[in-house]
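What the coordinates show
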There are 2 protein chains.
Amino acid sequence: MGRTTLDTAALAHDLRLAVMRLSRRLRSQRADTSLTLTQLAALSTLRAKGPLTPGELAACERVQPPSMTRVLATLEGAGLVVKTRHATDGRQLIVHVTDRAINLLDDEIRMREAWLAQRLNELSPAERDELRRASAIIERLLEP
Amino acid sequence: MGRTTLDTAALAHDLRLAVMRLSRRLRSQRADTSLTLTQLAALSTLRAKGPLTPGELAACERVQPPSMTRVLATLEGAGLVVKTRHATDGRQLIVHVTDRAINLLDDEIRMREAWLAQRLNELSPAERDELRRASAIIERLLEP
DNA sequence: TATTGTTATACTCTATAACTATA
DNA sequence: TATAGTTATAGAGTATAACAATA
C-alpha cells in the first residue's frame with residue numbers, strides 16, 4: 001500500500017470520528033424546540049430547493065424512502081408540509097412546505113444551531129473558510 | 001445582526017446538513033462486519049489513547065455515560081475489552097482493549113471505511129488537505 | 001415488468017431518571 | 001454529600017421486506 005493510500009485511510013478514519021462526534025453533539029441539542037433535527041433538515045432542504053417528491057427528498061438527505069415517509073407523515077400531521085399530485089405521473093407526489101413552516105423555520109433553525117454558531121464564531125475567519133470549503137467537499141463526496 | 005454573524009449562521013446550517021448526511025451515509029454501511037460503527041469508534045479511541053475509564057471514553061465520544069455502558073457491555077461480551085479496577089479509587093474502572101480486538105480492528109476499520117476512503121481517493125490532494133484541516137477544527141470545536 | 005410510495009416490523013443509538021457503591 | 005458507573009425505560013432514527021398503485 002502506497003503512502004497516499006495510507007494517508008487517505010488515516011483521513012477516512014479521522015474524518016469519520018469527527019463527523020460522528022459532531023453529529024451526536026448536534027443531535028443532543030434536543031430541548032426547547034418542537035421539531036427534531038431530522039424533521040428540521042427535511043424542511044430546510046424543501047425550502048431551499050423548492051417542492052420535491054418524497055423520493056427526491058430522501059435522496060437529498062441520504063435516507064431510504066420509508067424513512068422519509070415517516071418524517072413526512074409527522075410533518076404533514078403538524079401542518080408543516082402538504083402533498084399534491086404530480087401533474088402527469090399518478091405514482092408521484094409533490095411535497096410543499098406550508099406558510100406555517102416558513103414562519104417557524106428560521107426560529108427553529110436559530111435555536112438548533114445556536115450552539116454550533118456560537119462555537120464557529122470563536123474560530124478565526126480563516127478556519128471558518130476551511131469549514132465552508134469542507135462542507136462543500138463533503139456534499140460532493142456524497143453525490144451518487 | 002452583522003454580516004459576519006449572518007455568514008456564520010449560514011455556515012452552521014451548511015455544516016450541520018453536510019455532517020448529518022455524511023454521518024447517515026457512513027452508518028448505512030452496515031453489512032459484512034460484526035461491529036457497529038459506534039462500537040468500532042469506541043475501540044478505535046481506546047486503542048489510540050490507551051486504557052480509559054468508561055466516563056473518560058464517554059466524554060471522548062461525546063455520549064452520556066449510560067450510552068457508553070451499553071457499548072462496553074456488548075464489547076465485553078464479545079471479548080473485545082476487559083475492565084480492571086482502578087488502583088486507588090474503588091468507584092472507577094479501567095477499560096482495556098484485548099489482543100482479540102487489536103487483531104480484528106484493522107480489518108473492521110478497513111471494511112467500514114472502504115467506501116469513504118474510495119471517495120476520498122477521487123479527490124485532489126488539496127481537497128484531502130482541506131478535509132484533514134477541517135477534521136482537526138471540528139474536534140477542537142467539540143472540546144468542552 | 002419497473003417505479004413510486006407506503007405499511008409493517010425490528011434494530012441501533014442515545015437520552016434521562018433512579019439506583020448502587022465508593023469517596 | 002459528591003462522584004463513577006449501572007439499570008430501567010423510552011424515544012428518535014433508520015433500515016429491510018412486503019405490498020399497492022400506477023406507468
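All values derive from a computational prediction rather than experimental measurement. (Residues numbered from 1 in each chain as written. Chains lettered and ligands numbered in written order. Predicted model: local features only at pLDDT ≥ 70, side-chain atom pairs only at ≥ 80, totals over all residues. Heavy atoms only, no water.)

Once that is clear, we can look at the overall build of chain A. Scanning chain A from N- to C-terminus turns up 6 helices and 2 strands. In chain A, the succession of helices and strands from N to C terminus is α-α-α-α-β-β-α-α. Across its three principal axes, chain A shows a C-alpha extent of roughly 55 × 35 × 25 Å. Relative to its 144 residues, chain A shows a buried fraction of 46%. A separation threshold of at least 6 residues defines the contact pool for chain A, and within that pool the share at least 24 residues apart is 52%. When the accessible area of chain A is evaluated, it comes to approximately 7400 Å², of which 52% is carbon and sulfur surface. Of the charged side chains in chain A, 22 are positive and 18 negative; the average position of the first set lies 4 Å away from that of the second. (Helix = DSSP H or I, 4+ residues; strand = E, 2+ residues; numbered from the N terminus. Buried < 20%, exposed > 50% of the residue type's maximum accessible area, 1.4 Å probe, protein only. Contact = heavy atoms within 4.5 Å. Areas by Shrake-Rupley, 256 points an atom, 1.4 Å probe, with all protein chains shown as cover. Lys, Arg positive; Asp, Glu negative; His and termini not counted. Charge placed at Lys NZ, Arg CZ, Asp CG, Glu CD.)

Glancing now at the protein's contact with DNA strand D. Around DNA strand D, the structure places 24 residues, and the nearest of them are Thr36(A), Gln64(A), Ser67(A), Gly90(A) and Arg24(B). Across the atoms of DNA strand D situated within 4 Å of the protein, the share located in sugar and phosphate is 71%. Measuring from a phosphate oxygen of DNA strand D, one finds a side-chain N or O atom of Arg24(B) at 2.5 Å. Note that a phosphate oxygen of DNA strand D is positioned 2.9 Å from one of the backbone N or O atoms of Gly55(B). (Near = heavy atom within 4 Å. Polar contact = N/O pair within 3.5 Å; in protein donor to acceptor, adjacent residues only side chain to side chain.)

Phi at Arg62(A) is positive, roughly 55°, even though this residue is not glycine. Inspection of the secondary structure puts Arg62(A) in the loop between α3 (54-61) and α4 (65-77).

This part takes up helix α2 (residues 37-49) of chain B. Because each turn of an α-helix spans 3.6 residues, side chains separated by three or four positions end up pointing in the same direction. Over its 13 residues, α2(B) extends 18 Å from the first C-alpha to the last, a length consistent with the 18 Å expected when each residue adds 1.5 Å. In the stretch just after α2(B), Gly50(B) is the one whose phi turns positive, near 85°. (Expected span 1.5 Å × (residues − 1).)

We now examine the domain arrangement of chain A. Entries for chain A in the domain assignment read domain 1 (1-30) and domain 2 (31-142). Of note, the centres of domain 1 of chain A and domain 2 of chain A, computed from C-alpha atoms alone, are 23 Å apart. (Domains from an automatic or database assignment.)

Taken together, 25 residues lie near DNA strand C, and Arg24(A), Thr69(A), Gln64(B), Ser67(B) and Gly90(B) sit nearest. Thr38(B) has a polar side-chain atom sitting 3.3 Å from a phosphate oxygen of DNA strand C. Within the backbone of Gln64(B), a nitrogen or oxygen atom sits 2.7 Å from a phosphate oxygen of DNA strand C. Elements represented by at least two residues in the surface near DNA strand C include exactly α3 and α4 of chain A together with α2 and α4 (65-77) of chain B. When grouped by side-chain class, the residues that make up the surface near DNA strand C number 7 nonpolar, 10 polar and 8 charged. (Nonpolar A, V, L, I, M, F, W, Y, C, P; charged D, E, K, R; others polar.)

Moving on: the layout of surface pockets. Of the volumes computed, that of the largest pocket is approximately 590 Å³. Mapped by element, the contributors of at least two residues to the lining of the largest pocket are α1 (3-27), α2 (37-49) and α4 of chain A together with α1 (3-27) of chain B. Each residue belonging to the lining of the largest pocket can be placed in one class, and the counts come to 6 nonpolar, 8 polar and 8 charged. (1 Å grid on protein atoms, 1.4 Å probe; cavity = no way out; pocket = protein on both sides within 12 Å on 5 of 7 lines; lining within 4 Å. Points joined across faces, edges and corners; volume = space filled by probe spheres on them.)

In this section: the relation of the copies chain B and chain A. Note on the identical chains: chain B maps onto chain A by a rotation of 180° and an axial translation of 0.0 Å, with an RMSD of 0.1 Å. On this basis, the relationship between the two copies can be described by a two-fold rotation axis. (Least-squares fit on C-alpha atoms with pLDDT ≥ 70 in both.)

Attention now moves to the interface of chain B and chain A. Of the residues lining the interface, 56 residues belong to chain B; the matching set on chain A comes to 56 residues. Summing the contributions of chain B and of chain A, the shared interface buries around 5800 Å²; its carbon and sulfur component is 65%. Counting across the chain B and chain A interface gives 12 salt bridges. For Glu139(B), the salt bridge is made with Arg21(A), and the minimal N-O distance between the two is 2.9 Å. Summed over the shared surface of chain B and chain A, the result is 23 residue pairs in polar contact (both at pLDDT 80 or more). Of all elements in the fold, only α1, α2, α3 (54-61), α5 (99-121) and α6 (125-141) of chain B reach the threshold of two or more residues within the side of chain B that touches chain A. Of all the elements, α1(B) adds the most residues to the side of chain B that touches chain A, at 21 residues. (Buried area = accessible area lost by both parts, 1.4 Å probe. Salt bridge = Lys/Arg side-chain N within 4 Å of Asp/Glu carboxyl O.)

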